[in-house]
Amino acid sequence: MLLSIFIDVVKVIVVFAGFMIMIAYTTWFERRMVAFIQSRLGPNRVGPAGLLQPIADAFKLLFKEPFLPEKSNKVLFSLAPMIAFIPPILAVAVVPIGDTITIAGRKVELLISDLNIGILYVFALGSIGVYGLVLAGWSSNSKYSLLGGLRSSAQMISYEIGLGLSVVGLLMIAQTFSIAEIVRQQSGSVLNWYFFKQPVAFFLFFICAMAESNRLPFDLPEAESELVAGYHTEYPGMRFALFFLGEYAHMITVSMVTASLFFGGWSGPFLPPIVWFLIKVVAFLFIYVWVRGTLPRFRYDQLMRFGWLVIFPLTLVNILVTGLVMVL
Amino acid sequence: MSMLIFYILAIVAVVSALMVVTLRNVFHSALFLVLTLFSVAGIYVLLEAEFLAAVQVLIYVGAITILMIFAIMLTYQITSKSIRQVNEQVIPAVIIVLVFFVLSLVTLIKTSWPVSNKSLPGNNTFEIGRQLLSTYVIPFEVVSIVLLIALIGAIIISRQDGPSRPGQEDR
Amino acid sequence: MFETLFPIFVLAFFAVLTVLIMFYLPEILGPKTKSKRKYSPYECGLIPQTDARERIPIKFYLIAIAFVVFDLEVVFLYPWAIIYKDLGLFGLFEMGLFILILLLGFFYIVGKGVLKWE
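All of the points below concern the structure found in this document. Note that the structure is a prediction, hence the values are computed from the model and not measured.

A word on the overall build of chain A. Along the backbone of chain A there are 13 helices and 2 strands. For 328 residues, the compact-globule estimate of 2.2 N^0.38 gives 20 Å, and chain A sits close to it at 20 Å. Considering only C-alpha atoms, chain A reaches an extent of 60 × 50 × 45 Å along its principal axes. Per-residue burial over chain A gives 58% buried out of 328 residues.

Following this line, the structure appears as structure tokens:
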């Protein structure tokens, strides 16, 4: 009993620390990559290749003055960045980072918790994330914040349906919600990857997830050319950074879930499972950055039309085709 | 242990439900409603109905309360005013509430609550799906009609621009 | 049950702790300079005249309604999806009917121009 609690706590600490480091270094990764795409160098002064830049940034932000705007609702204003930051971290709990290993005769699963509602748990946390934006927009009592919060929540809920529907085809084949189980079904051979059975679902899922995490080309809520900074206009220093890092946390979580659902998670030959897992996650992060460096921002009406009139019907068609193929 | 957690969740649910009806700022009421719904989801988890708990969060917290918040933001300056909690019908309301309270109390005490000694199925999501699509298939299909009516009704109400503007259909 | 939930609570504890530290540490470390203008809402340099909480377009409400309805549809699809293999053609027919009825609503909102934004 005590030993299993100890193992649980150790696992949580390792995953949590790793995740925080990944968040910090995704900011560096993105700035460097976007810089290369734009024929610049990006941050390269602090430490070798700019590797200490995230730490320097963190210290800079910690020494900024924190304040609450006078017309804001103080409690909700403080609560909003926390709500934006915490759910993507909690979602990591159901993503397996490696195969079951044996330490001193005990079988240890390399994931924090094997909930049997895995994917639904991730989606439920995603739906809580909307509150961070709504609360930030409303509590700031600033016009730009309110418009940004409103837009982003409408965008997020529109794409949540696509996100939820896109995995249904996969669930029909996998017959389980548990992400650990889905990964196990895909291990063994590359051909077992659900990407090959559900390619359309993968693209729909990834596009929706990108819209959910408010990334370019879907970053309408913070469209700086029209809304200043959207829902986090009024936030200073580290409090703004919580939203910013929350977005990166969301990106990493989405990459982990995508890799696990469609690309076999930790499974792969020769290299240890965790290395495969990280390679896949970084690959998806790279796609995120690549898309950001390549595509311009949507207009809001295009965004909503795309979500409802393209993604939504396509997900239904995907379910129908999957259903027909499985029966016939 | 689980009794303790249940009581904590129940107290949170009841207290925040009370806040929902007593707070004078509707926006804050809506947020306390979120807290109530969360504690109910917690109770579902405690009863090992994880699917129901996830759905509770997805639908009630993630969708219906967001809808309410939009409705609140839609209403002109409703959040900056404090709203009267009572109207002229306070006395009949109190009487009805008391009668209802007594009735439910009597029902609660009189009913014998049978406890099934069957064990839970290992993964009750499968069981929910199986029941939904075999025993309860008619209610299941009716749900879609109810949802359709709700959708159409909401759109008709919200698009009513008054009879003076007949040419509104093209917009 | 507790075995699966306990690690999530530990994770939540760490996440909340980190967020609180990140949120409140600048209170100690950061400078504190008072100026009236700093605390006023940002409005591109103008002094805000009205309350920011204006009425929002009804479009957003309609989108939310549509979202609630279709989100419910998604939730009904989940238990169906994981037992679909056992159900076979009958399951496809049942769910096809369900989705078809909801698609009527979808075509209705598209026809009514709820999803048009100009």
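Alright, that's what it looks like, and here's the rest.
Our focus in this paragraph is the interface of chain A and chain C. Each partner contributes to the interface: chain A provides 64 residues, whereas chain C provides 50 residues. For the side of chain A that touches chain C, the secondary structure elements donating two or more residues are α1 (2-37), α3 (74-91), α5 (143-166), α6 (168-174), α11 (237-262) and α13 (300-327) of chain A. Ranked by residue count, the leading element in the side of chain A that touches chain C is α5 of chain A, at 11 residues. Considering only residue class, the side of chain A that touches chain C consists of 39 nonpolar, 12 polar and 13 charged.

What follows covers helix α7 (residues 179-186) of chain A. Residue and element names in this part refer to chain A. Among all positions in α7, only I179, A180, I182, V183 and Q186 are buried. Take α7 and look down its axis: the buried residues cluster within an arc of 160 degrees, on one side only. Here the buried face of α7 lies against α4 (118-139), α6, α8 (194-197) and α11. Among the residues trailing α7, G188 stands out with phi positive, at a value near 110 degrees.

What follows deals with the interface of chain B and chain A. Contacts between the two partners involve 12 residues from chain B, matched on the other side by 15 residues from chain A. The element contributing the most residues to the side of chain B that touches chain A is helix α3 (residues 50-74) of chain B, with 9 residues. Here the residues of the side of chain B that touches chain A sort into 8 nonpolar, 3 polar and 1 charged.

What follows deals with unusual backbone geometry. Even without glycine at this site, F270 of chain A takes up a positive phi of about 60 degrees. Checked against the element boundaries, F270 of chain A lands in the loop between α11 and α12 (273-294). Residue E48 of chain B is not a glycine yet carries a positive backbone phi of 60 degrees. Here E48 of chain B lies in the loop between α2 (26-46) and α3.

A separate point is the nonpolar core. Counting 172 residues, the largest nonpolar core has L120, L242 and I252 of chain A, A54 of chain B together with A66 of chain C as the members making the most contacts within it. In terms of residue count, helix α2 (residues 58-82) of chain C provides more of this core than any other element does, 18 residues in total. If you count residues domain by domain, this core takes at least three from each of domain 1 (1-84) and domain 2 (123-160) of chain B. Other than its neighbours up to four places away in sequence, L242 of chain A contacts P81, M82, A84 and F85 of chain A together with V19, M22 and F23 of chain C.

A separate point is the environment of S2 of chain B. Structurally, the position occupied by S2 of chain B is in helix α1 (residues 2-22). Placed 31 residues apart in sequence, S2 of chain B and L33 of chain B show a C-alpha to C-alpha distance of 24 Å.

Another aspect to go through is the environment of S158 of chain B. Assignment of secondary structure puts S158 of chain B in helix α6 (residues 137-158). Setting aside its immediate chain neighbours within four residues, S158 of chain B contacts I58, Y61 and L62 of chain C.

In this section: α6 of chain B. With 22 residues, α6 of chain B extends 32 Å between its outermost C-alpha atoms, agreeing within 8% with the 32 Å of an ideal straight helix rising 1.5 Å per residue. The complete set of buried residues in α6 of chain B reads S144, L147, L151 and A154 of chain B. The arc that holds every buried residue of α6 of chain B, seen down its axis, measures 100 degrees, which confines them to one face. Seen from the open side of α6 of chain B, the exposed residues pointing more than 90 degrees away from its buried face are I138, P139, V142, I149, G153, I156 and I157 of chain B. Its buried side turned inward, α6 of chain B meets α2 and α4 (89-111) of chain C.

Once that is clear, we can look at the packing of α6 of chain B against α4 of chain C. Two elements in contact, α6 of chain B and α4 of chain C, have axes separated by 9 Å at closest approach and are oriented at 5 degrees. With respect to each other, α6 of chain B and α4 of chain C are oriented roughly parallel. Residues V137, F140, E141, S144, I145, L147, L148, L151, I152 and I155 of chain B of α6 of chain B lie in contact with α4 of chain C, whose contacting residues are E94, L97, F98, I101, L102, L104, G105, Y108 and I109 of chain C. Looking at the contact of α6 of chain B with α4 of chain C, its residues break down into 15 nonpolar, 2 polar and 2 charged.

How each quantity is defined
- Residues numbered from 1 in each chain as written.
- Chains lettered and ligands numbered in written order.
- Predicted model: local features only at pLDDT ≥ 70, side-chain atom pairs only at ≥ 80, totals over all residues.
- Helix = DSSP H or I, 4+ residues; strand = E, 2+ residues; numbered from the N terminus.
- Rg over C-alpha atoms; globule rule 2.2 N^0.38 Å.
- Buried ≥ 20, exposed ≤ 12 C-beta atoms within 10 Å, placed from the backbone.
- Contact = placed C-beta atoms within 7 Å.
- Nonpolar A, V, L, I, M, F, W, Y, C, P; charged D, E, K, R; others polar.
- Arc of directions from axis to C-beta.
- Core = buried A, V, L, I, M, F, W, Y, C linked by C-beta atoms within 7 Å.
- Domains from an automatic or database assignment.
- Expected span 1.5 Å × (residues − 1).
- Axes fitted to C-alpha atoms, helices over the stretch in contact; angles between N-to-C directions.
- Parallel < 35°, antiparallel > 145°, perpendicular 65-115°, else oblique.

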